[in-house]
Amino acid sequence: MNSILGYFNKPILKLSLLFGLALGILVFAFFLGLYAMGIVPLGNNKVLDIGIHIILIAGACWYYRKKVGNGLLHLWEALTIGYVVNTVGALIAGWLIYFFVTYVDPSVFADYIAQMKDLMLQGKAELVKNIGEAEFQKMFNGVGDMKTSEIITDEVGKKTVMLIIPILVISLILRKQDYSIIQNNKS
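Description of the structure in this document. Bear in mind that the values here come from a model prediction, so they are computed numbers and not experimental data.

1. Re the overall build of the protein
Within the protein, the regular secondary structure consists of 10 helices and zero strands. For 187 residues, the compact-globule formula gives about 16 Å, and the C-alpha radius of gyration of the protein, at 21 Å, lies well above that figure. Summarising its shape, the C-alpha atoms of the protein cover approximately 70 × 40 × 35 Å along the three principal directions. Within the protein, the proportion of its 187 residues that are buried is 32%. Expressed as a percentage of contacts within the protein between residues at least 6 apart in sequence, the contacts between residues at least 24 apart total 78%. Per element, the accessible surface of the protein, about 11,100 Å² overall, is 66% carbon and sulfur. Treating the 16 positive side-chain charges of the protein as one cloud and the 13 negative ones as another, the clouds have centres 14 Å apart.

Here it is in structure tokens:
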């Protein structure tokens, strides 16, 4: 049991989990803000929360470099921090949004489905031209059959794909290694 607790006692993991928790709560607060303004808080309107992800991932990498790494941060550490913060934050936000649309206000999910169907009907001519009528009908019916539980996997999947390049860029910008070992060997 101590070895399991020791594994989770690493600063890189503890810091990433804390920043991921904060990220999940902030993304849910953004969702609630959209809801309070009367905007459908799912779909295209919610994609702006990607900025919150980027800010907290960069903040976690910067904090780790400054406080834990004593000014140093390896690329693998930054990548690890970025992906753990992103995944934990997306999971927490997904679950909180799921509970909200399941138990607090199910009309949010119904409005989201209606908005998606409306968007598909607006672009039907282009979609039918590209994928065919049968595939369009299959896709249209699939939107109507969506379950609220898909919000969680949708949140994690989209955020993982959308943040591959930003996490890599943040990791490359904030990394700093000790090159004095290489310089001392050359003399």
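2. A short note on unusual backbone geometry
The backbone of N70 sits at a positive phi, close to 55°, despite the residue not being glycine. In this fold, N70 is placed in the loop between α3 (50-68) and α4 (75-104). Accessibility expressed as a relative area gives 67% for N70, which makes it exposed.

3. Section: the nonpolar core
Grouped together as the largest cluster of nonpolar side chains are 20 residues, with contacts concentrated most on F19, I57, C61, Y64, L73, I81 and V85. If you list the elements that add at least two residues to this core, you get α2 (11-36), α3, α4 and α9 (164-174). Top element by residues in this core is α3. It accounts for six residues. Sequence-distant contacts of F19, that is, excluding residues within four places in its chain, are made with L56, G59, A60, Y63 and V85. Of all hydrophobic cores here, the second largest spans 16 residues; its members include L42, I97, F140 and V143.

4. A word on the environment of L42
Relative to the elements of secondary structure, L42 occurs in the loop between α2 and α3. Judged by relative accessible area, which is 6%, L42 ranks as buried. With 115 residues separating them in the primary sequence, L42 and G157 have C-alpha atoms 15 Å apart. Contact partners of L42, with chain neighbours within four places excluded, come to F31, I97, V101, V108, F109, Y112, Q115 and I151.

Rules behind the numbers
Residues numbered from 1 in each chain as written. Predicted model: local features only at pLDDT ≥ 70, side-chain atom pairs only at ≥ 80, totals over all residues. Heavy atoms only, no water. Helix = DSSP H or I, 4+ residues; strand = E, 2+ residues; numbered from the N terminus. Rg over C-alpha atoms; globule rule 2.2 N^0.38 Å. Buried < 20%, exposed > 50% of the residue type's maximum accessible area, 1.4 Å probe, protein only. Contact = heavy atoms within 4.5 Å. Areas by Shrake-Rupley, 256 points an atom, 1.4 Å probe, with all protein chains shown as cover. Lys, Arg positive; Asp, Glu negative; His and termini not counted. Charge placed at Lys NZ, Arg CZ, Asp CG, Glu CD. Core = buried A, V, L, I, M, F, W, Y, C linked by side-chain atoms within 4.5 Å.

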